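If you want the building blocks of each chain, they are given just below.
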Amino acid sequence: MNIERVAKYTTVPTYARRMLEKPEKQVTLNMSVRASNSNVVQADAYMVFFSTVRGPAKGGIRFNPHVTLEETTKLAELMVWKTALVGIPFGGGKSGVAIDASGLDFAEKTAIVKEFVHLIRNELNSGEYVPAPDMGTGASDMATIFGETHKLESVTGKPPRVGGLPGREEATGRGVSTVTQIIAKRLLPNPNSGPVTVAVQGFGNVGSWAARFLHESGYRIVAASDINGGIYDPDGLDVIELFEHIRSGGTIEAFNAGEDITNESLLELPVDILIPAAIGGVITGDNAERIQAPIVIEAANHPTLPEADDILDERSIVVVPDILANAGGVIGSYVEWRSARSGSLTKRDETFQVIDSILTDATSRVFAVTDDLDIPPRVAAEIHAVDEVVATMDDRGWI
Ligand code: NAD
């Protein structure tokens, strides 16, 4: 977060600034575990709490060979602003193990997850850190964590039969779709000129659910991609068939529809809405001039580089920031955590209701500030998030 930029519009006291300029807690671990008779796994692992002033550190566990302390810290910080913007009682955290989990069998992966739980047991058992899945970890790993702590509220993203939340899998995509629809109604001038067209980069969990919800609401999904490339059909893709194809292990390339395109060209298509839902850093100083969509919805984390942001802003392209657009996931996690603490059961539709209601309010707040101060939605969202965190520091006597 660029605190200097935010401080142009709101007061950020010096004491608060010091707390926001660096993480509250960084843990570096040197991990070694005999995962099977023939495999000793050794890896660097990290856990970062960027700020816990608003509540327990919330953030996923990433298993990826490229995990670093720096990346873990950046992702922990993102969670601070996301949770503050949508007003749920969490702080920002993240953890990661620098391994390639793809070659591990179930027993090996489970042994590594258990060892990681052992290393961070104090933070898990105290409730100081509430993890969730991230790249390379999934629902069954969260079930393993629950098996170790025996506390349902110690982890979210569990399978529904193990205290998980119906609707959690869809939650981020649901939120992306809800925010997209609010923005489209506000900003796209003529709804009678045909369905709103959408290109989705990354048809994984978030992208595929967002596409599906948008399709069900009458939007036309004209392009989709995965890591190997994409497809484009200006008349619209059969989203339900594509969804089933991907869920049954298919690739975009093997789906027989439209023309083949690259991930780079997908970003530059003449569509109403562009949804980058794959990885960070895809909209750059190089390609920002060529983006044609008037609206970009950041479903992935950090898909737009700062230099690209300036170019898109000059070109009056509205970028809905990740901390708003993809907050449906952490709102789902909050509902799961709340249900675990209270012992109540939550239905899928109730999960969606909470996500829709929180994101509708947050989107109105962000766009009220955007209009008022004539600033990009990203800055408006950051102002609100920083104000919330600073006010809580004051409430707690930290500053
Ligand atoms: P996923 O692994 O299910 O899907 C990722 C998709 O992107 C896949 O289709 C994959 O093939 C594609 N992809 C991967 N690398 C690519 C590349 N280099 N170029 C183009 N496509 C590529 O992941 P996900 O859970 O859908 O997450 C997608 C993004 O959303 C990530 O940035 C993640 O951090 C962010 N996010 C996810 C959640 C969540 O709840 N899953 C919540 C908030 C943010």
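Preceding block: the structure.
Not measured: the values here are computed from a predicted model.

(A) Focus on the overall build of the chain. Secondary structure assignment for the chain yields 15 helices and 13 strands. Compactness check: the chain gives a C-alpha radius of gyration of 21 Å against a globular reference of 21 Å for 399 residues, within 12% of the reference. Taken over the C-alpha atoms alone, the chain extends approximately 60 × 50 × 40 Å along its principal axes. Within the span of the chain, comprising 399 residues, buried residues form 56% of the whole. Put simply, 68% of the contacts in the chain that link residues at least 6 apart link residues at least 24 apart. By element, 47% of the accessible surface of the chain is carried by carbon and sulfur atoms, the whole surface being about 17,100 Å². In the chain, which carries 35 positive and 54 negative side-chain charges, the distance between the mean positions of the two groups comes to 7 Å.

(B) The arrangement of the packing of helix α7 (residues 168–187) against helix α13 (residues 328–342) in detail. One way to put it is that α7 packs onto α13 with a least axis distance of 7 Å and a crossing angle of 140°. Compared by their axis directions, α7 and α13 come out oblique. The way α7 lies across α13 gives a crossing that is right-handed. Here Arg168, Ala171, Thr172 and Gly175 of α7 come into contact with α13, specifically with Gly328, Gly329, Gly332, Ser333 and Glu336. Considering only residue class, the contact of α7 with α13 consists of 1 nonpolar, 6 polar and 2 charged.

(C) Geometry of α7. With 20 residues, α7 extends 29 Å between its outermost C-alpha atoms, agreeing within 8% with the 28 Å of an ideal straight helix rising 1.5 Å per residue. Of all the bends in α7, the greatest, near 25°, is centred on arginine 174. The buried fraction of α7 is high, at 15 of 20 residues.

(D) Representation of the pairing of strand β1 (residues 25–36) within the structure. Two strands pair when backbone bridges link them, and β1 and strand β2 (residues 39–51) are joined in this way by 11 bridges, in the antiparallel orientation. Bridge pairing links glutamine 26 to valine 48 in β2.

(E) Representation of the sheet that holds strand β10 (residues 259–261). One open sheet holds the 7 strands; their spatial order is β10-β9-β8-β7-β11-β12-β13, and the pairing between them is mixed. Unpaired on one side and paired on the other, β10 and β13 (318–320) mark the two borders of the sheet. For this sheet the average axis-to-axis angle between neighbouring strands, irrespective of direction, equals 20°. For strand β8 (residues 220–226) and strand β9 (residues 229–232), the ladder comprises 4 bridges, and the chain directions are antiparallel. The residue of β9 that forms the bridge with serine 225 is glycine 230.

(F) Molecular detail of the site of the ligand. Lining the immediate surroundings of the ligand are 17 residues, of which Thr172, Asn205, Val206, Ile227 and Asn301 lie closest. At 2.9 Å from an oxygen atom of the ligand is found a main-chain nitrogen or oxygen belonging to asparagine 205. Protein coverage of the free-state accessible area of the ligand, which is 830 Å², stands at 70%.

(G) Up close: the packing of aromatic side chains. The final tally for this structure, using the stated rule, is 7 aromatic pairs. Ring centres 6.3 Å apart and planes at 40° place the aromatic pair tyrosine 334 and tryptophan 337 in the tilted group. Placement of both tyrosine 334 and tryptophan 337 in helix α13 is noted, with a separation of 3 residues, approximately one turn of the helix. Of the two residues examined, tyrosine 334 and tryptophan 337, each falls in the buried class. Here the aromatic residues Trp209, Phe213, Phe243 and Phe352 are joined through ring pairs into a cluster of three or more. Positioned above the aromatic ring of phenylalanine 213 is the side chain of arginine 174, whose terminal nitrogen or guanidinium carbon lies 5.0 Å from the ring centre.

(H) View of a negative patch on the surface. A surface patch of negative charge is lined by Asp286, Glu289, Glu307, Asp310, Asp313, Glu314 and Asp374. Looking at the secondary structure, you find glutamate 289 in the loop between β11 (273–276) and β12 (295–297).

(I) Quick look at the side chain of glutamate 170. Considering the arrangement of structural elements, one finds glutamate 170 in helix α7. Residue classification places glutamate 170 among the buried residues on the basis of a relative accessible area of 7%. Setting aside chain neighbours within four positions, we find glutamate 170 in contact with Trp209, Phe213, Arg348 and Phe352.

(J) Geometry of unusual backbone geometry. The backbone of serine 316 sits at a positive phi, close to 60°, despite the residue not being glycine. Located in the positive-phi region is aspartate 374, a residue other than glycine, with phi close to 55°. Tracing the backbone shows aspartate 374 in the loop between α14 (348–373) and α15 (377–395). On the accessibility criterion, aspartate 374 (72% relative accessible area) is exposed.

(K) Just the side chain of threonine 363, in detail. When you line up the elements, threonine 363 lands in helix α14. Assessed through its relative accessible area of 2%, threonine 363 is described here as buried. Not counting residues within four places of it along the chain, the set of residues in contact with threonine 363 comprises Val179, Ile182, Ile183 and Leu324.

(L) Structural detail: the nonpolar core. With 78 residues, the main nonpolar core has Trp81, Ile273, Ile275 and Val320 as its most contacted residues. A total of 9 residues in this core trace back to one element, the largest contributor, which is α15.

Analysis parameters
Residues numbered from 1 in each chain as written. Predicted model: local features only at pLDDT ≥ 70, side-chain atom pairs only at ≥ 80, totals over all residues. Heavy atoms only, no water. Helix = DSSP H or I, 4+ residues; strand = E, 2+ residues; numbered from the N terminus. Rg over C-alpha atoms; globule rule 2.2 N^0.38 Å. Buried < 20%, exposed > 50% of the residue type's maximum accessible area, 1.4 Å probe, protein only. Contact = heavy atoms within 4.5 Å. Areas by Shrake-Rupley, 256 points an atom, 1.4 Å probe, with all protein chains shown as cover. Lys, Arg positive; Asp, Glu negative; His and termini not counted. Charge placed at Lys NZ, Arg CZ, Asp CG, Glu CD. Axes fitted to C-alpha atoms, helices over the stretch in contact; angles between N-to-C directions. Parallel < 35°, antiparallel > 145°, perpendicular 65-115°, else oblique. Left-handed = near helix turned anticlockwise from the far one by under 90°. Nonpolar A, V, L, I, M, F, W, Y, C, P; charged D, E, K, R; others polar. Expected span 1.5 Å × (residues − 1). Bend = angle between axes of the 7 residues up to and from the residue. Pairing = 2+ DSSP bridges. Near = heavy atom within 4 Å. Polar contact = N/O pair within 3.5 Å; in protein donor to acceptor, adjacent residues only side chain to side chain. Phe/Tyr/Trp six-rings, centres within 6.5 Å; stacked < 30°, edge-to-face > 60°. Lys NZ or Arg CZ within 6 Å of the ring centre and 35° of its normal. Patch = residues over 30% accessible without salt bridge, like charges linked within 9 Å, V, L, I, M, F, W, Y side chains within 5 Å. Salt bridge = Lys/Arg side-chain N within 4 Å of Asp/Glu carboxyl O. Core = buried A, V, L, I, M, F, W, Y, C linked by side-chain atoms within 4.5 Å.

All we've got here are geometric facts, nothing functional implied.
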